[in-house]
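Spelled out, the chains give:
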Amino acid sequence: MDEASPTPSVLLRQEEPVGDLIARMLADAGVTHAFGVISIHNMPILDAILRQGRITFVPARGEAGAMNMADAFARVSQSLGVVITSTGTAAGNAAGSQVEALTAGSPVLHITTQIDTPWMDRDRAAIHDVPHQPGMLKAVSKAYFRIWDAMSAASVTKAAMSAALSAPSGPVSLEIPVDVQRQNAIIPAAPGRPLVQTLKPQIGDVEALATLVRAAKRPMLWLGGGARKASTPARDLVARGFCAVTSTNGRAVVAEDDPHNLGAYNMTPEAQAIYDQCDLMIVAGSRLRGNETRNNAMRLGQRLVQIDADASQGGRNYPVDLFVHGDAACTLSMLAANLPAKLDTDETFRKSILPARQKGEARLRAGLKPYEAVADILRQRVFENALPFVRDVTVANSTFGNRYVSLAAPHLGVHALGGGIGMGAAMAVGAAAAMPSKKTICLLGDGGLMVNLGELASAVDNNCEIVFVLMNDQAYGVIANIQDAQYANRQAYCRLLTPDFSLVAKSIGLTHHRINDVREFAAAFDAAIATSGPVMLEVNMLAIGPYAERFGGPPAGAAGGAR
Ligand SMILES: Cc1ncc(C[n+]2csc(CCOP(=O)(O)OP(=O)(O)O)c2C)c(N)n1
C-alpha cells in the first residue's frame, strides 16, 4: 500500500473493555433483559449495559430471586435468560435457584465474577474470595467457563451462550474476574452470536422406531419438558393415530383440549389402565420423574422407546427397547416423515383417552371443595387468554394448578420442577418481563412467598403485569398434612409467623384485595386482570375453610418398581 492512500477502516483494529464487549455480545445475541444485583465486582459490565442502553437490567432484591427471574424469562421467552451476580456469597445465593434451572434444563447464562486475577484461586483472604467457587458453580451448571484474560473474552462468551442454548439446554456459569472486565479486548469483526446446534438422530434409529410404530395398534407419546419445542410433529403424530400423555412440564405440547391427550393426569388408576393397553410408548424429552411415575413403579406400556438429547439418559429410569439420541422435535419430525399419513391404530383405544381424563378431572375437582371456583376461574381465564401461569409449590398447585388449569402453549407454564418452595414470586417477575403484553398469573402460598418476599418489591418497582393469587392458610399446609397422616398429628415447625399481607402490600404500593368468601373470587380476579400493574389477591383460607381432600405430598419410598 502506498503511503498516500488511507488505511481502509475495516482493517483498523478497535478495542473496548471486556465489560463493554460482554454487554455488546449479549445485545447482539438478542438479549433484551438481564436480572441481577449490582456489586463492585460486576460494575464494569453493568455500567456498560447502562451506557449502551440496549438491554433492560432488572435489579432483584437477592441473587436467588434474580436467578429465578432469568430462569422464568428463559422459559417464557424461549430464549436465553441472563443473570448477573457478584463473586462469593452473591454467586452462592444464586446456587439454590440455579439447581431449579438445572432441573428444568433452562437456557440461563449466569455471569458471575471473581476477585482480581493475581489473588484468584490462592486463598489469600482477599475480600469476596471463595477458593472453591468454581466447584460450587460446576455442581449447579450444565457447563462452567472462566474468562482468564481479554484475549479469549469473545470466544468464551460465545461458547457459554451456545452451551446454555444447545439441547440438552441448561444453566451455564461464566466467571469473569473483575480486573479482566476492565482490560481492553479486540472487538471481533463479526458479532459473536451463539451457535446453537440441533442434534439430529441417526437415520437407522429413526427407521427402527418407524418399524415399531407401524406394527403398533395402540401407540402413545409421553411428552416431557424436553419436547416443549416439538408441538408441530407431536400434534401431527396425534392427528395420524397416536395418543398422548404429558409430564407437568410437557403440558400443552399437544393441545390440552385435544380428546386424544390425557394431559398431566399421568398417575391416575385410569392412566395405568391405559398404559396397560398401550403397546408402544414413546417417551420424548422426559426424565420420567419419580413424582410423575410413582417412583418409576407405574407400568408404561408393552414396549418403551426413549428419545432424548442427553445420551446418558437412555434407560436411566425404565428399561427401553430403543433409545434414540436426538433432539425431540427433530426426531419426531423425522419419524413422521417415515410414516404413512394415517396410522392403522385402534379407535376404541383412542376413544378411551377422553373419558379417562374426565374421570381424573372430576375426582380432582371433587377434592377441591370449597375452592372449585378458584380452580375453574383460573382454568378458564388462563387458557382462553393464553396467559403465562407461574406456580410455587403449594397445595393449590400440587392439586389443581399443575394439571387442571389448562395452558394454551407449553412455554406459558412455569413451575418448580425440583419441588423447591419460594421461587414463584420472582419467577413471575421474569415471566412478566418476557411477556409484558399479557397478565402473568402467579399462584402461590404464604410459606413460599415468605422465602423471597422482597421480590414483591421488584414486581412493583418494574410495574410488572402480574396477578399474585396468594392461598393463605398461615401454615406450611403440605407439611401439616403430612404430619397429620404420617406423624400422628404431631404438627410442628409448620406454623410460622406470617405478616399481614395487606400491610406489606400497602407499604410498597402493591394493589391488594383480600377474599374472605370464595364466591367473591371470580369478580375479584377479573377486576385484578383489568387493573394496570401488579395486584395481590389474597385468598383467606382460614375464613373459607380447608379442602375437602387433604393433599399429603408426592409418593414416598424408594424408586425402582417397574422392571
Ligand atoms: C426450598 C424448600 N424448602 C422446604 C421445602 C419443604 N416444603 C414443601 S411444601 C412446604 C410448605 C409450603 O407452604 P405454603 O407456601 O404456605 O403452601 P401450602 O403448603 O400451605 O399450600 C415446605 C416447607 C421445600 N419443598 N422446598
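Residues numbered from 1 in each chain as written. Predicted model: local features only at pLDDT ≥ 70, side-chain atom pairs only at ≥ 80, totals over all residues. Heavy atoms only, no water.

Moving on, we come to a nonpolar patch on the surface. Among the surface-exposed residues, Ile 38, Ile 40 and Met 43 lie close enough to one another that they form a single nonpolar patch of about 310 Å² accessible area. Secondary-structure assignment places Met 43 in helix α2 (residues 43–52). (Patch = residues over 30% accessible without salt bridge, like charges linked within 9 Å, V, L, I, M, F, W, Y side chains within 5 Å. Areas by Shrake-Rupley, 256 points an atom, 1.4 Å probe, with all protein chains shown as cover. Salt bridge = Lys/Arg side-chain N within 4 Å of Asp/Glu carboxyl O. Helix = DSSP H or I, 4+ residues; strand = E, 2+ residues; numbered from the N terminus.)

Among the 16 residues in the neighbourhood of the ligand, the closest are listed as Thr 394, Gly 447, Gly 448, Gly 477 and Val 478. Contacts to the ligand include Gly 448, whose backbone N or O atom sits 2.7 Å from an oxygen atom. Note that an oxygen atom of the ligand is positioned 2.9 Å from one of the backbone N or O atoms of Ala 475. A total of 590 Å² of accessible area belongs to the ligand in isolation, and the protein chains cover 74% of it. Going through the elements one at a time, α17 (446–451) and α19 (477–486) are the ones with two or more residues in the shell around the ligand. (Near = heavy atom within 4 Å. Polar contact = N/O pair within 3.5 Å; in protein donor to acceptor, adjacent residues only side chain to side chain.)

Once that is clear, we can look at the environment of Leu 449. Following the sequence through the fold, Leu 449 ends up in helix α17. With a relative accessible area of 2%, Leu 449 lands in the buried category. A sequence separation of 23 residues divides Leu 449 from Ala 426, and the C-alpha atoms of the two residues are 9.4 Å apart. Look past the residues within four positions of Leu 449 in its chain and what remains in contact with it is Ala 425, Leu 444, Leu 456, Leu 470, Phe 501 and Met 536. (Buried < 20%, exposed > 50% of the residue type's maximum accessible area, 1.4 Å probe, protein only. Contact = heavy atoms within 4.5 Å.)

Looking now at the side chain of Glu 175. Mapped onto the fold, Glu 175 is located in strand β7 (residues 172–177). Among the polar contacts listed, one links the side chain of Glu 175 to the side chain of Tyr 144, at a separation of 2.6 Å. In this view, Glu 175 contacts Thr 112, Thr 113, Gln 114, Gln 133, Pro 134, Leu 137, Tyr 144, Phe 145, Arg 146 and Ile 147; residues no more than four positions away in its chain are not counted.

Before going further, it helps to spend a moment on the confidence of the model for the chain. On average, residues of the chain score 95 in pLDDT, and 97% of them reach the 70 mark or higher. Contacts of residues 559–563 to residues separated by more than four positions or lying in other chains number 15 contacts, the stretch itself having pLDDT below 50. (pLDDT = per-residue confidence, 0-100.)

What follows concerns the nonpolar core. Counting 43 residues, the largest nonpolar core has Phe 35, Leu 449, Ile 466, Phe 468 and Met 536 as the members making the most contacts within it. Residue assignment for this core shows that the elements contributing at least two residues are α3 (63–77), α4 (89–104), α16 (424–434), β16 (440–445), α18 (455–461), β17 (466–472) and α20 (501–508). With 37 residues, the next largest nonpolar core counts Leu 368, Val 374, Leu 387 and Phe 521 among its residues. (Core = buried A, V, L, I, M, F, W, Y, C linked by side-chain atoms within 4.5 Å.)

Strand order across the open sheet formed by six strands is β15-β14-β16-β17-β19-β18, with parallel pairing between neighbours. At either end of the open sheet lies a strand with only one pairing partner, and these are β15 (413–415) and β18 (511–515). The sheet shows a mean angle of 15° between the axes of neighbouring strands, direction not considered. Pairing of β16 with β17 involves six bridges; the strand directions are parallel. Looking across to β17, one finds that Cys 442 is bridged to Phe 468. Docked against the sheet, α16 engages β14 (389–391), β15, β16 and β17, running at close to 175° with respect to β16. Sheet strands touched by helix α21 (residues 521–530): β16, β17, β18 and β19 (535–540). Its angle to β19, the strand with the most contacts, is close to 165°. (Pairing = 2+ DSSP bridges. Axes fitted to C-alpha atoms, helices over the stretch in contact; angles between N-to-C directions.)

Looking now at the pairing of strand β3 (residues 56–59). With four bridges joining them, strand β2 (residues 33–36) and β3 adopt parallel strand pairing. From the neighbouring strand, Phe 35 faces β3, where its bridge partner is Val 58. Taken together, β2, α2 and β3 constitute a β-α-β crossover, and its handedness is right-handed. (Right-handed = clockwise from strand over helix to strand, strands pointing away.)

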